[in-house]
Amino acid sequence: MRKIISAFELTGKGLHSGKDCRVKIEPCESEFVMMRSGENFCAINRMRNSGSGRGSDYIFENGERVRTCEHVLSAFAGLGIWRDALVSVDGGEMPALDGCAEKITQQILSHSLEEKVDEHSFLRVNSPLIVHDDNNRNRFAAYFPDSIDSSDSSNKLLITCCVNYKIVGSELFDFDCTPENFCREISRARTFAMLSDIEYLRSHGMALGGSLENAILVDDVKGEIVASGGLRWSDEFARHKVLDLLGDLASLGRKLSGHVIAVRAGHELHLKLANLIKQQ
């Protein structure tokens with residue numbers, strides 16, 4: 001686990017709004033990671049959330065939203081920051097930054113210290129859980145406990161993500177969630193979009209801040225993948241899904257112990273599974 005010890009901030013365009021946004025992260029004595037926007041202030045695990053808008057939105061009690069929180073919160077979850085931190089957002093959306101979690105990860109590492117792991121901070125559920133897409137049961141997210149006997153628990157989180165897209169094909173990535181593995185294998189995996197979706201997204205107020213500086217473009221008309229500097233891994237799409245899923249599991253407020261498998265899933269299913277885990 002890590003603890004934020006000094007404040008820092010990052011600015012940039014929101015991925016969907018295209019407007020100037022700012023996120024400030026600073027130490028805060030709190031049992032959980034806190035989020036603030038204007039006068040609103042709440043622990044992230046007590047906020048409502050929505051994954052229906054091509055990103056993970058966190059919603060305060062009065063209905064105010066903070067959009068596209070998944071990449072910033074993925075860095076928190078991947079590096080083990082679960083408490084004593086305040087995330088303040090201006091502009092209604094997290095800045096898109098580099099389309100992954102590399103910049104935020106570097107800043108967190110520079111402004112935090114490693115702490116001893118608190119074994120009691122892990123979240124465990126003793127039974128398997130699964131959620132499906134209402135329209136396609138081949139799209140699902142599932143949780144499996146690492147051990148029914150908690151005394152024999154390894155306190156590890158394993159994630160398996162499988163994607164299948166035209167042009168990209170099928171990819172599968174298995175991830176053992178440790179801070180070292182997150183930095184090396186996941187933090188630099190960029191978000192992506194299909195060219196055929198761009199016009200629809202922008203007509204509905206989304207992807208207005210997207211560019212090749214913060215996203216991979218899959219040209220499903222010409223059959224090409226367009227990425228600044230080329231793909232960072234041959235399976236970068238599946239790795240980014242792991243990044244997204246980790247960010248969505250941050251809504252639990254504590255590190256999950258067990259194995260999560262997501263097949264052709266997205267934010268809506270990720271958060272649906274996280275909320276089901278909360279109910280247990």
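Anything mentioned here points back to the structure above.
Counting restarts for each chain: residues are numbered from 1 in the order of the written sequence. Given that this is a predicted model, residues contribute local features only at a pLDDT of at least 70 and side-chain atom pairs are listed and counted only at 80 or more, while totals for whole chains, interfaces and linings are drawn from all residues. Think of the side-chain values as coming from all heavy atoms in the structure, minus any hydrogens and water.

### Brief notes about the overall build of the chain
Here is step 1: Where helices and strands are cited, they refer to DSSP runs of H or I of at least four residues and of E of at least two residues respectively, numbered from the N terminus. Counting its secondary structure elements, the chain contains six helices and 18 strands.
Here is step 2: Relative to its length of 280 residues, the chain is compact, with a C-alpha radius of gyration of 18 Å against a globular reference of 19 Å.
Here is step 3: Its C-alpha atoms put the chain at 55 × 40 × 35 Å along the principal axes.
Here is step 4: Buried, partly exposed and exposed residues are distinguished by accessible area as a fraction of the type maximum, computed with a 1.4 Å probe on protein chains only: under 20%, between the cut-offs, and over 50%, respectively. Every one of the 280 residues in the chain was classed for burial, and the buried ones make up 55%.
Here is step 5: The contact definition used throughout considers only heavy atoms, calling two residues in contact when any of these lie within 4.5 Å. Put simply, of all contacts in the chain between residues at least 6 apart along the chain, 70% involve residues at least 24 apart.
Here is step 6: Only the protein chains shown count as covering a residue, and every accessible area follows the Shrake-Rupley method with a 1.4 Å probe. On the chain, roughly 12,700 Å² of surface is accessible, and the fraction owed to carbon and sulfur atoms is 46%.
Here is step 7: In this tally, Lys and Arg are treated as positive and Asp and Glu as negative; His is ignored, and so are the chain termini. To locate a charge, take NZ of a lysine, CZ of an arginine, CG of an aspartate or CD of a glutamate. Between the mean site of the 33 positive side-chain charges and the mean site of the 40 negative ones, the chain shows a separation of 1 Å. Taken over C-alpha atoms, the radius of gyration is set against a globule rule of 2.2 Å times the number of residues to the power 0.38.

### Observations concerning the layout of surface pockets
Gaps between atoms show up when a probe of the same size as a water molecule is rolled over them.
Here is step 1: There is about 1,200 Å³ of room inside the largest pocket.
Here is step 2: Put plainly, a pocket is an open set of points on a 1 Å grid over the protein atoms alone with protein on both sides within 12 Å along at least five of seven lines, a cavity is a set where a 1.4 Å probe fits but cannot get out, and a lining residue has an atom within 4 Å of a point. Looking at the largest pocket, it is lined by 46 residues, and the ones nearest its centre are Arg54, Tyr165, Phe192, Asp197 and Lys241.
Here is step 3: The set of elements that each furnish at least two residues to the lining of the largest pocket consists of helix H1 (70-79), strand E11 (129-133), strand E13 (157-165), strand E15 (192-194), helix H4 (195-203), strand E16 (216-219), helix H5 (236-249) and helix H6 (267-279).
Here is step 4: Only Asp, Glu, Lys and Arg are considered charged, only Ala, Val, Leu, Ile, Met, Phe, Trp, Tyr, Cys and Pro nonpolar, and every remaining residue, Gly among them, polar. Considered class by class, the residues forming the lining of the largest pocket number 18 nonpolar, 14 polar and 14 charged.
Here is step 5: Counted as a void, the second largest pocket has a volume near 350 Å³.
Here is step 6: Lining the second largest pocket are 21 residues, and of these Met1, Val117, Thr178, Pro179 and Lys255 lie nearest its centre.
Here is step 7: Elements that contribute at least two residues to the lining of the second largest pocket include exactly H1 and helix H3 (179-186). Grid points are joined across faces, edges and corners, and a volume is the space filled by probe spheres set on the points.

### Quick look at the sheet that holds E11
Here is step 1: One open sheet accounts for five strands, arranged E11-E12-E18-E13-E14; its pairing is mixed. The open sheet has two edge strands with one neighbour each: E11 and strand E14 (169-176). Direction aside, neighbouring strands of the sheet carry axes that sit 10 degrees apart on average.
Here is step 2: Strand direction decides the pairing type here: E13 and E14, joined by eight bridges, are antiparallel. When the bridges of E14 are listed, Thr160 appears paired with Asp174.
Here is step 3: The strands that H6 touches are E11, strand E12 (136-144) and strand E18 (258-263); relative to E11, the one it contacts most, it runs at about 150 degrees. Strands qualify as paired when DSSP identifies two bridges or more between them. For helices, the fitted axis covers only the stretch in contact; all axes are lines through C-alpha atoms, and the angles between them, taken along N-to-C directions, range from 0 to 180 degrees.

### Digging into H3
Here is step 1: Every buried residue of H3 is listed here: Asn181, Phe182 and Ile186. Projected down its long axis, H3 carries its buried residues within an arc of 105 degrees, all on one side.
Here is step 2: Those residues of H3 that are buried lie in contact with H1, helix H2 (102-110), E14 and H5. Summarising the geometry, the arc corresponds to the directions from the helix axis toward the C-beta atoms.

### Digging into H1
Here is step 1: Where burial is concerned, most of H1 is hidden: 10 out of the 10 residues are buried.
Here is step 2: Looking at H1, one finds that the buried residues are Glu70, His71, Val72, Leu73, Ser74, Ala75, Phe76, Ala77, Gly78 and Leu79.
Here is step 3: Two residues or fewer past H1, Gly80 is found with a positive phi of approximately 85 degrees.

### A look at the packing of H1 against H5
Here is step 1: Orientation of H1 relative to H5, taken along the N-to-C sense of each, is 80 degrees, at an axis distance of 7 Å. In terms of axis orientation, H1 runs roughly perpendicular to H5. Along its contact with H1, which presents Glu70, His71, Leu73, Ser74, Ala77 and Gly78, the element H5 presents His240, Leu243, Asp244, Leu246, Gly247 and Asp248.
Here is step 2: The residue makeup of the contact of H1 with H5, split by class, is four nonpolar, five polar and three charged. An angle counts as roughly parallel when it lies under 35 degrees, as roughly antiparallel when it exceeds 145, as roughly perpendicular when it falls between 65 and 115, and as oblique in every other case.

### Some thoughts on the sheet that holds strand E8 (residues 65-66)
Here is step 1: As summarised here, the arrangement of the three strands in space is E6-E7-E8, forming an open sheet in which the pairing is antiparallel. Because the sheet does not close on itself, it has two edges, and the strands there are strand E6 (48-50) and E8.
Here is step 2: Sheet topology places E6 next to strand E7 (residues 57-59); three bridges connect them, and they run antiparallel. Within E7, the position partnered with Ser50 by the bridge is Asp57.

### Quick look at unusual backbone geometry
Here is step 1: The phi dihedral of Thr68 falls on the positive side, at around 45 degrees, and the residue is not glycine.
Here is step 2: Locating Thr68 in the fold gives a position in the loop between E8 and H1.
Here is step 3: Relative accessible area serves as the criterion here: at 8%, Thr68 is assigned to the buried category.
Here is step 4: With a phi close to 60 degrees, Ala207 is a non-glycine residue in the positive phi region.

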